[in-house]
Amino acid sequence: MDMPEDQYALYAEFGITAEKAQVLETEAGNVALSYVTLFVNTDEITPELTEIFRSVNDDVNRKTLGALLKHLKTRLNFDDSITNVIDEALKQRNYLTHHFFRTHNFALFSEDGRKLMLAELKEIQPILDKAHTTLHLICQILEQIAGREGLSNEQALHFQNSGKKVNI
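Here is what the cut-offs are and how they apply
- Residues numbered from 1 in each chain as written.
- Predicted model: local features only at pLDDT ≥ 70, side-chain atom pairs only at ≥ 80, totals over all residues.
- Heavy atoms only, no water.
- Axes fitted to C-alpha atoms, helices over the stretch in contact; angles between N-to-C directions.
- Helix = DSSP H or I, 4+ residues; strand = E, 2+ residues; numbered from the N terminus.
- Left-handed = near helix turned anticlockwise from the far one by under 90°.
- Contact = heavy atoms within 4.5 Å.
- Nonpolar A, V, L, I, M, F, W, Y, C, P; charged D, E, K, R; others polar.
- Parallel < 35°, antiparallel > 145°, perpendicular 65-115°, else oblique.
- Buried < 20%, exposed > 50% of the residue type's maximum accessible area, 1.4 Å probe, protein only.
- Lys, Arg positive; Asp, Glu negative; His and termini not counted.
- Salt bridge = Lys/Arg side-chain N within 4 Å of Asp/Glu carboxyl O.
- Expected span 1.5 Å × (residues − 1).
- Phe/Tyr/Trp six-rings, centres within 6.5 Å; stacked < 30°, edge-to-face > 60°.

### Concerning the packing of helix 1 (residues 5–36) against helix 3 (residues 65–75)
Phase 1 of the analysis: Relative to each other, helix 1 and helix 3 sit at 35°, their axes nearing to 10 Å. With respect to the hand of their crossing, helix 1 and helix 3 are arranged in left-handed fashion. Residues Leu 24, Glu 25, Ala 28, Gly 29, Val 31, Ala 32 and Tyr 35 of helix 1 lie in contact with helix 3, whose contacting residues are Leu 65, Leu 68, Leu 69, Leu 72 and Arg 75.
Phase 2 of the analysis: Residue classes in the contact of helix 1 with helix 3 are distributed as 9 nonpolar, 1 polar and 2 charged.

Take a look at the structure:
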């Protein structure tokens, strides 16, 4: 199917924004898992603890982003500014996932409409990025408190360069 170049660009930008929303969701899960394992000595994990952590991980992966963030906010005492950043990102993520194209219905079929849609996606991205950075820093702080190091830059670079799918 042929489509205007700007429509293709719009779909690409939507994909970029959706990826940012998924990364945000992953980071929220990382915070939850870092909190749960805060005082666990990783050198002394028994098979029973392994099963418990596997169950917790499965539970985190089943939760929606909204449910996961709500759970985190009941466990961690976030400052209002952090809560506002997270809540706004959740609102934008839900809009993007459930309402973006429906809201713009006929706009997709005109150049001016697509320009507006593209601009809106570019406004959503920094909101998601800010929440991701906030959650990432919280995760790093929890890991530091636990005396653990997260994924090193070298390890991350190795995964990036390998270009393989990594189950996380």
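### A closer look at the packing of helix 1 against helix 2 (residues 47–62)
Phase 1 of the analysis: The N-to-C vectors of helix 1 and helix 2 enclose an angle of 155°; their axes lie 10 Å apart at closest approach. It follows from the interaxial angle that helix 1 and helix 2 lie roughly antiparallel. Crossing geometry of helix 1 relative to helix 2 is assigned as right-handed. Taking contact as the criterion, the partners of Gly 29, Ala 32, Leu 33 and Val 36 in helix 1 are, on helix 2, Phe 53, Val 56, Asn 57 and Val 60.
Phase 2 of the analysis: Considering only residue class, the contact of helix 1 with helix 2 consists of 6 nonpolar, 2 polar and no charged.

### A short note on the side chain of Glu 27
Phase 1 of the analysis: Relative to the elements of secondary structure, Glu 27 occurs in helix 1.
Phase 2 of the analysis: No salt bridge is formed by the buried Glu 27. Its closest oppositely charged neighbour is Arg 148, at 13 Å.
Phase 3 of the analysis: Not counting residues within four places of it along the chain, the set of residues in contact with Glu 27 comprises His 132, Leu 135, His 136 and Cys 139.

### Quick word on helix 6 (residues 111–145)
Phase 1 of the analysis: For helix 6, built from 35 residues, the straight-helix expectation of 51 Å at 1.5 Å per residue is met to within 8% by its first-to-last C-alpha distance of 52 Å.
Phase 2 of the analysis: Among the residues trailing helix 6, Gly 147 stands out with phi positive, at a value near 75°.

### Description of the packing of aromatic side chains
Two aromatic rings are characterised by how far apart their centres lie and by the angle between their planes.
Phase 1 of the analysis: Throughout the structure, instances matching the rule amount to 5 aromatic pairs.
Phase 2 of the analysis: Taken together, a centroid distance of 4.9 Å and an interplanar angle of 55° make the contact between Phe 14 and Phe 101 tilted. Pair noted here: Phe 14 is in helix 1 and Phe 101 is in helix 5 (residues 100–104), with a separation of 87 residues, a long-range link.
Phase 3 of the analysis: When its relative accessible area of 29% is taken as the criterion, Phe 101 is described as partly exposed.
Phase 4 of the analysis: An aromatic cluster is present here, built from Tyr 11, Phe 14, Tyr 95, Phe 100 and Phe 101 joined pairwise through their rings.

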